[in-house]
Amino acid sequence: MSKPNIRNFCIIAHIDHGKSTLADRLLEKTRTIEKRNMMKQVLDDMDLEQERGITIKLHAIQMKYTAPDKQEYIFNLIDTPGHVDFSYEVSRSLAACEGALLVVDATQGVEAQTISNLYLAIDNGLEIIPVINKIDLQNSMVDEVTDQIIELLGCKKEDIILASAKADIGTDLILEAIVNRIPAAKTETEKPLRALIFDSKFDIYRGVIVYVRVFEGSIKVGDTIKFFFTENAFTAEEVGVLRMGRIKKDILNAGDVGYLIAGIKDVNDTRVGDTIFKIHEPVSEPLPGYKEVKPMVFSGIYPSSTEDFENLRESLAKLKLNDAALSFEPETSVALGFGFRCGFLGMLHMEIVQERLEREYGLNIITTVPNVEYKVYKTNGEVVLVDNPSDMPEPPKIDYIEEPYITSNIITPTEFIGNLMKLANERRGVFISTNYVDAKRVDLHFEFPLSEIVYDFYDKLKSYSRGYASFDYSFKDFRESSLVKLDILLNAEPVDALSTIVHKDKAFEWGKKLCTKLKELIPKQMFEVAIQAAIGSKVVARETISAMRKNVTAKCYGGDISRKRKLLEKQKEGKKRMKQIGSVEIPQEAFHAVLSLN
Amino acid sequence: MSGIYVHIPFCSRRCNYCDFFFTTNTKLTDDFLISLDKEIQIHSASIPNQKFDTIFFGGGTPSILTGNQLLGIINRLRETFDITEDAEMSLEANPEDLTNEKIRELYSAGVNRLSIGVQSFIDSELQFLTRHHTSSIAGDVVKNSLDVLDNVSIDIIYSLPSQRAEDIIVSIDKAKVMGVKHISAYTLTYEDKTLLTKSANEGKIIRNTPEHEATLYETVSKEIISRGFRQYEVSNFAIPGYESRHNKKYWKLLPYLGLGPSAHSFIGNRRWNNLKSVGKYCELVNSRKLPIENDYELNEQQLQSDFIMLALRAEGINFTEYKKRFGKSFEVYNKRAIGELVQNGFAELSNDSFRLSTKGYAVADEIIARYF
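Residues numbered from 1 in each chain as written. Chains lettered and ligands numbered in written order. Predicted model: local features only at pLDDT ≥ 70, side-chain atom pairs only at ≥ 80, totals over all residues. Heavy atoms only, no water.

1. As for the overall build of chain B
Thought 1: If you tally the helices and strands in chain B, you get 16 helices and 15 strands.
Thought 2: For chain B, the proportion of its 372 residues judged to be buried stands at 58%.
Thought 3: Long-range contacts, defined as pairs at least 24 residues apart, comprise 68% of the intrachain contacts of chain B with a sequence gap of at least 6.
Thought 4: Counting only carbon and sulfur atoms, one obtains 49% of the accessible surface of chain B, whose full area is about 15200 Å².
Thought 5: Positive and negative side-chain charges of chain B, numbering 43 and 48 respectively, have mean locations separated by a distance of 2 Å. (Helix = DSSP H or I, 4+ residues; strand = E, 2+ residues; numbered from the N terminus. Buried < 20%, exposed > 50% of the residue type's maximum accessible area, 1.4 Å probe, protein only. Contact = heavy atoms within 4.5 Å. Areas by Shrake-Rupley, 256 points an atom, 1.4 Å probe, with all protein chains shown as cover. Lys, Arg positive; Asp, Glu negative; His and termini not counted. Charge placed at Lys NZ, Arg CZ, Asp CG, Glu CD.)

2. Some words on the overall build of chain A
Thought 1: Helix and strand counts for chain A come out as 13 helices and 33 strands.
Thought 2: Relative to its full complement of 598 residues, chain A shows a buried share of 58%.
Thought 3: Nonlocal contacts in chain A, meaning residues at least 24 apart in sequence, comprise 69% of its contacts between residues at least 6 apart.
Thought 4: For chain A, the exposed area adds up to about 25600 Å²; of that, 49% sits on carbon and sulfur atoms.

3. Here's the deal with the domain arrangement of chain B
All names here are of chain B.
Thought 1: Domains assigned within chain B are domain 1 (2-250) and domain 2 (317-371).
Thought 2: Inter-centroid distance (C-alpha atoms) of domain 1 to domain 2 is 29 Å.
Thought 3: Counting across the domain 1 and domain 2 interface gives 0 salt bridges.
Thought 4: Linking domain 1 with domain 2 are 2 residue pairs in polar contact (both at pLDDT 80 or more), by the criterion used here.
Thought 5: Secondary structure elements with two or more residues in the side of domain 1 that touches domain 2: α8 (210-226) and β7 (230-233).
Thought 6: For the side of domain 1 that touches domain 2, the class distribution of residues is 4 nonpolar, 2 polar and 3 charged. (Domains from an automatic or database assignment. Salt bridge = Lys/Arg side-chain N within 4 Å of Asp/Glu carboxyl O. Polar contact = N/O pair within 3.5 Å; in protein donor to acceptor, adjacent residues only side chain to side chain. Nonpolar A, V, L, I, M, F, W, Y, C, P; charged D, E, K, R; others polar.)

4. Focus: the packing of helix α11 (residues 300-313) of chain B against helix α12 (residues 319-326) of chain B
All names here are of chain B.
Thought 1: Between α11 and α12, whose axes approach to 11 Å, the crossing angle comes to 165 degrees. Here α11 is positioned roughly antiparallel relative to α12, judged by the angle of their axes. Taken as a pair, α11 and α12 cross one another with a handedness that is right-handed. Residues Glu300, Leu303, Gln304, Phe307 and Ile308 of α11 form the contact with α12, whose own contacting residues are Glu321, Tyr322, Arg325 and Phe326. (Axes fitted to C-alpha atoms, helices over the stretch in contact; angles between N-to-C directions. Parallel < 35°, antiparallel > 145°, perpendicular 65-115°, else oblique. Left-handed = near helix turned anticlockwise from the far one by under 90°.)

5. Quick notes on the interface of chain A and chain B
Thought 1: Taken together, the contacts link 29 residues of chain A with 47 residues of chain B.
Thought 2: In total, about 3700 Å² of surface goes out of reach between chain A and chain B, with carbon and sulfur atoms giving 53% of it.
Thought 3: The interface formed by chain A and chain B holds 9 salt bridges in total.
Thought 4: In this structure, Asp306(B) and Arg565(A) form a salt bridge, with 2.7 Å as the shortest nitrogen-oxygen distance.
Thought 5: Viewed at the interface, chain B and chain A are joined by 20 residue pairs in polar contact (both at pLDDT 80 or more).
Thought 6: By residue number, the principal contributor to the side of chain A that touches chain B is helix α13 (residues 561-576) of chain A, which donates 9 residues. (Buried area = accessible area lost by both parts, 1.4 Å probe.)

6. Re the packing of helix α14 (residues 335-343) of chain B against helix α16 (residues 364-371) of chain B
All names here are of chain B.
Thought 1: Where α14 meets α16, the axes come as close as 11 Å, and the angle between the chain directions of the two elements is 150 degrees. The orientation of α14 with respect to α16, classified from their angle, is roughly antiparallel. The interaxial crossing formed by α14 with α16 has right-handed handedness. Together, Arg336, Ala337, Glu340 and Leu341 of α14 and Ile367, Arg370 and Tyr371 of α16 make up the contact between the two elements.
Thought 2: Residues that form the contact of α14 with α16 fall into these classes: 4 nonpolar, no polar and 3 charged.

7. Considering the nonpolar core
Thought 1: If you look at the biggest cluster of nonpolar residues, it comprises 114 residues, and the most contacted ones within it are Leu77(B), Ile183(B) and Phe372(B).
Thought 2: When residues are assigned to domains, this core turns out to be shared by domain 1 (2-250) and domain 2 (317-371) of chain B, each giving three or more.
Thought 3: Beyond its immediate sequence surroundings of up to four residues, Ile183(B) is in contact with Ser153(B), Ile154(B), Ile156(B), Ile172(B), Ala175(B), Ile224(B), Phe229(B), Ser235(B), Asn236(B) and Phe237(B).
Thought 4: Counting 78 residues, the second largest nonpolar core, distinct from the first, contains Met347(A), Tyr374(A), Leu483(A) and Leu486(A). (Core = buried A, V, L, I, M, F, W, Y, C linked by side-chain atoms within 4.5 Å.)

8. Some words on the side chain of Glu39(B)
Residues and elements named next belong to chain B.
Thought 1: Relative to the assigned elements, Glu39 resides in helix α1 (residues 29-46).
Thought 2: At 10 Å, Arg270 is the nearest oppositely charged side chain to Glu39, a buried residue that forms no salt bridge.
Thought 3: In this structure Glu39 touches Gly258, Leu259, Gly260, Asn274, Tyr281, Val285 and Pro291, once residues within four positions along its chain are discounted.

9. Observations concerning the sheet that holds strand β18 (residues 327-333) of chain A
Residues and elements named next belong to chain A.
Thought 1: The 4 strands are arranged β18-β19-β17-β20 in an open sheet whose pairing can be described as antiparallel. For this open sheet the edge positions go to β18 and β20 (365-367), each flanked by a neighbour on one side alone. The average undirected angle you get between the axes of adjacent strands in this sheet is 30 degrees.
Thought 2: The pairing of strand β17 (residues 297-303) with β20 spans 3 bridges and is antiparallel. Bridge assignment links Ile301 to a residue of β20, and that residue is Thr367.
Thought 3: Packing against the sheet, helix α7 (residues 309-321) makes contact with β17, β18, β19 (337-344) and β20, and its axis sits at approximately 15 degrees to β19.
Thought 4: Relative to the sheet, helix α8 (residues 347-359) contacts β17, β19 and β20, its axis offset from that of β17 by approximately 15 degrees. (Pairing = 2+ DSSP bridges.)

10. Quick notes on the pattern of salt bridges
Thought 1: Within this structure, the stated rule accounts for 62 salt bridges over all chains.
Thought 2: One salt bridge connects Arg164(B) with Glu166(B), and the closest N-O pair in it is separated by 3.7 Å.
Thought 3: Where salt bridges share partners, they join Glu188(A), Lys191(A), Arg194(A) and Glu216(A) into one cluster.

11. Points about the pairing of strand β4 (residues 113-119) of chain B
All names here are of chain B.
Thought 1: The element β4 is extensively covered by neighbouring structure, given that 7 of its 7 residues are classed as buried.
Thought 2: Neither face of β4 is exposed, since Arg113, Ser115, Gly117 and Gln119 on one face and Leu114, Ile116 and Val118 on the opposite face are all buried.
Thought 3: Where β4 and strand β5 (residues 152-158) come together, 4 bridges link them in parallel fashion. Bridge pairing in β5 links Ile116 to Ile154.

12. As for the confidence of the model for chain A
Thought 1: Averaged over every residue, the pLDDT of chain A is 89; residues scoring 70 or more account for 94%.
Thought 2: Ignoring residues within four places in sequence, the model shows residues 48-58 of chain A, a span with pLDDT below 50, making 42 contacts including any to other chains. (pLDDT = per-residue confidence, 0-100.)

13. Regarding the side chain of His264(B)
Thought 1: Among the secondary structure elements, His264(B) is positioned in strand β10 (residues 264-267).
Thought 2: Ignoring sequence-local partners within four residues, the contact set of His264(B) consists of Gly558(A), Gly559(A), Asp560(A), Tyr256(B), Leu257(B), Gly258(B), Trp272(B) and Asn273(B).

14. Some words on the packing of aromatic side chains
Thought 1: One pass over the structure, following the stated rule, counts 34 aromatic pairs over all chains.
Thought 2: Relative to Phe448(A), the ring of Phe446(A) has its centre 5.5 Å away and its plane inclined at 35 degrees; by these criteria the two rings are tilted. Across this residue pair, the class does not change: Phe446(A) and Phe448(A) are buried.
Thought 3: An angle of 50 degrees between the planes, with centres 6.3 Å apart, marks the rings of Tyr371(B) and Phe372(B) as tilted.
Thought 4: Relative accessible area serves as the criterion here: at 10%, Tyr371(B) is assigned to the buried category.
Thought 5: Among the aromatic residues, ring-to-ring pairing joins Phe307(B), Phe319(B), Tyr322(B), Phe326(B), Phe330(B), Phe354(B), Tyr371(B) and Phe372(B) into one connected group.
Thought 6: It is Lys359(B) that lies over the ring of Phe346(B); its NZ or CZ is 4.5 Å from the centre. (Phe/Tyr/Trp six-rings, centres within 6.5 Å; stacked < 30°, edge-to-face > 60°. Lys NZ or Arg CZ within 6 Å of the ring centre and 35° of its normal.)

15. Some details on empty space enclosed by the protein
All names here are of chain B.
Thought 1: Evaluated as defined, the whole model comprises 5 cavities of 30 Å³ or more.
Thought 2: Computed from the structure, the largest cavity encloses a volume of approximately 440 Å³.
Thought 3: The wall of the largest cavity is formed by 28 residues, among which Tyr17, Gly60, Asn94, Gln119 and Arg131 lie closest to the centre.
Thought 4: Of all the elements in the fold, those that place two or more residues in the lining of the largest cavity are β3 (82-93), β4 and β5. (1 Å grid on protein atoms, 1.4 Å probe; cavity = no way out; pocket = protein on both sides within 12 Å on 5 of 7 lines; lining within 4 Å. Points joined across faces, edges and corners; volume = space filled by probe spheres on them.)

16. What to know about unusual backbone geometry
All names here are of chain B.
Thought 1: Following Gly59, the chain continues to Gly60 via a peptide bond in cis, the omega torsion being 20 degrees.
Thought 2: By secondary structure assignment, the location of Gly60 is in the loop between β2 (51-59) and α2 (67-80).
Thought 3: Even without a glycine there, the phi angle at Asn269 is positive, about 65 degrees.
Thought 4: Among the structural elements, Asn269 can be located in the loop between β10 and β11 (270-274).

17. What to know about the sheet that holds strand β14 (residues 347-349) of chain B
Residues and elements named next belong to chain B.
Thought 1: The sheet built from 3 strands is open, its strands ordered β13-β15-β14 with antiparallel pairing. What marks the edges here is a single partner per strand, and that holds for β13 (317-318) and β14.
Thought 2: On the sheet, α14 packs against β14 and β15 (353-356) and is oriented at approximately 115 degrees with respect to β14.

Here it is in structure tokens:
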């Protein structure tokens with residue numbers, strides 16, 4: 001059997017720098033798909049992804065490339081998710097490759113996310129092929145971007161390919177560079193099987209479909225296999241490669257990228273980064289780099305109407321089939337009734353889940369303000385993890401609290417350094433270092449409490465830098481902080497779903513802003529409503545909503561009762577969307593009040 | 001007993017606040033009257049077993065009709081339907097139409113209740129409302145009407161921009177002194193697609209705040225009541241015995257038949273309304289079809305909620321009547337709501353009924369949406 005020339009690679013690019021267009025071009029050039037059948041940007045096939053222009057879930061695709069010398073190659077392009085929330089998934093996709101195309105927009109330059117993914121790629125030993133895209137645009141800055149890339153990679157100017165995926169400039173050079181510069185995948189088929197899981201998805205007919213990169217050995221139908229970390233054993237029912245659909249094969253050999261179906265019912269059994277081996281050929285070492293994915297951001301999700309609780313449970317369960325990073329467990333709120341405490345990788349992940357629940361599952365949900373997970377050291381020596389402010393023990397029982405910190409890179413034009421330093425300061429950032437990317441741009445390295453970047457940090461970052469700064473982060477450690485639980489009371493009744501945990505120094509201002517915001521969001525009621533913010537029994541802020549005094553249609557005669565009834569039904573519908581706390585009706589937006597604070 | 005509503009869809013001109021259906025093309029009057037006659041005939045077969053004790057001419061401007069034209073309609077109605085001898089016959093009139101002669105004509109045609117669109121006895125306010133009459137004409141007309149018939153009602157529109165309670169009391173006092181028996185006092189409503197709303201949206205006039213409007217509403221209600229009138233609906237006040245029998249049909253969920261374009265009907269749990277076009281109305285009626293735009297049957301739940309909504313806007317819910325009608329106890333099913341509303345002064349509870357107070361009327365929509 002001739003050994004195929006396999007090149008496994010991925011594309012590293014910032015959002016909108018042209019990753020999808022370049023992928024399309026490669027697919028077209030290798031005749032993986034015909035031009036006329038091509039939907040724009042085939043790699044992003046979920047609605048949400050297309051709308052947001054972000055690749056949320058990764059895929060892989062195989063291409064057959066015939067070089068000018070008639071030599072044939074197999075290219076496996078492994079797609080990577082493009083957002084900070086998914087950096088671990090990115091790292092595992094990168095681990096499945098030998099090389100990466102680093103695509104930088106000639107009009108934008110290098111961005112933080114590109115850099116952090118580039119570092120991940122370098123850590124994984126990948127060969128990097130720098131590509132400057134969109135060189136045909138009028139406002140391209142090829143020279144500056146070239147300098148940035150040289151600075152970043154220490155490469156030579158001639159290593160950089162100038163391209164325009166849209167105008168099909170440089171595509172042939174890229175194809176040749178993939179062949180010549182990316183090392184061929186090793187094909188050590190004689191060793192015991194070790195294959196890396198870099199993604200999986202749930203199919204209602206076939207169960208979990210596992211995307212794998214075989215590093216050593218081979219896997220064929222009928223093999224009994226085991227996953228190193230989850231320790232579950234299965235029998236391989238089908239293996240194959242991924243082109244525009246699944247193509248069945250008898251065997252996947254070392255070097256191959258493909259899929260595996262093994263009657264697996266739960267994506268939790270197929271953790272990204274885990275190693276597959278054969279039960280009869282045990283291996284002593286897994287492939288490196290496995291981490292257990294842990295949710296970082298938590299929020300309560302409640303059905304707007306209580307009868308939707310079971311629907312919500314089923315919908316979350318369905319989402320989880322395809323999303324091992326999502327966690328959820330039932331919780332009860334005095335204010336909102338029965339719902340779920342959900343854990344997410346980050347804010348984007350959270351928004352995606354919320355949006356899918358509403359759009360794809362037609363649910364009307366209320367989500368509470370997101371928070372991080374705290375380590376609470378109690379005076380009795382116990383340590384508890386608190387992912388819901390309502391579960392925070394009473395102050396006298398707390399010895400101290402630790403909160404998660406992240407390490408982050410902000411890349412910005414130098415003129416915004418002052419602004420961003422100010423922002424970092426507002427968000428309790430710890431300055432670590434500054435590195436110049438080039439003469440005009442700088443990489444600011446900070447550590448932040450995760451809780452400080454959960455709300456609107458990204459928007460603030462953009463507005464403080466007129467949209468130019470980019471940002472990337474990863475979890476660092478837990479650190480002791482001076483934190484308090486801030487409660488909100490409406491007519492003296494605490495609203496558990498509005499409690500937040502904030503830094504002591506910010507509690508007063510926070511409480512004041514929150515009360516003001518709630519005053520705006522809660523409509524007038526028939527009674528006066530007092531809004532209070534309190535730490536323990538100490539009230540730190542108060543606002544009053546005066547009573548509604550006039551709400552009546554003056555005329556109701558001429559017998560047109562239908563119109564009046566319709567108006568009232570509309571009002572009643574509006575009220576149904578509100579939650580009643582004591583005698584106060586609260587609109588759903590109020591539960592996000594914290595998010596919209598400045 | 002049932003009521004008949006006749007919509008006369010003509011006005012000589014449009015007032016800036018009005019969103020009722022009418023046309024200024026009065027040339028269509030004759031065609032319309034012929035069609036109305038036909039509509040009555042079509043209904044003669046389809047409305048069996050109804051006994052009527054009220055007829056209400058609304059509009060538009062019914063006073064645009066001559067005495068003879070009106071007499072023709074009334075005669076046809078009496079021929080066709082079973083109408084009691086002492087039926088209440090109301091007619092909405094613009095002051096400028098009501099010459100002494102016209103008043104006498106209407107009276108001899110059978111009209112025994114006049115509802116006059118006075119709106120205000122202050123000239124600047126009438127100008128703001130783009131009305132055609134002056135306060136002195138209105139005063140004369142009201143006086144002359146009262147000389148001919150006893151049951152005279154006036155409409156008042158208030159809560160005009162920056163209007164003070166004292167201004168409104170001027171009009172109320174004048175009405176009382178002259179011996180008006182009924183006042184419909186409406187706060188100015190900014191209806192969609194009216195010139196008034198356009199001006200407000202363009203910032204040319206400034207709407208009163210809900211707080212100011214609430215104060216005016218409470219003051220006006222109190223002032224009218226203190227002059228011997230009884231509030232029997234959100235915006236309606238009568239010297240006892242002079243309540244509009246016809247309007248009470250709407251508010252007590254009693255049957256009524258609507259005739260003419262855009263008129264609404266409610267008979268036997270069915271609600272329907274005629275379409276809003278004189279041309280199409282005539283066309284359909286002339287081909288012996290009912291000119292109906294919407295027609296639907298109310299289910300038990302809709303009947304109940306209409307009943308509660310209308311009763312709360314009017315004289316309240318009589319527990320015996322409610323139980324007879326719906327087979328359950330209002331007071332038992334709504335114990336918490338009743339308790340909360342009474343305790344906070346929004347409503348009053350007696351042995352056999354529950355009604356809103358003036359404070360409650362002011363937020364009636366909120367109360368109905370929130371509790372019922």
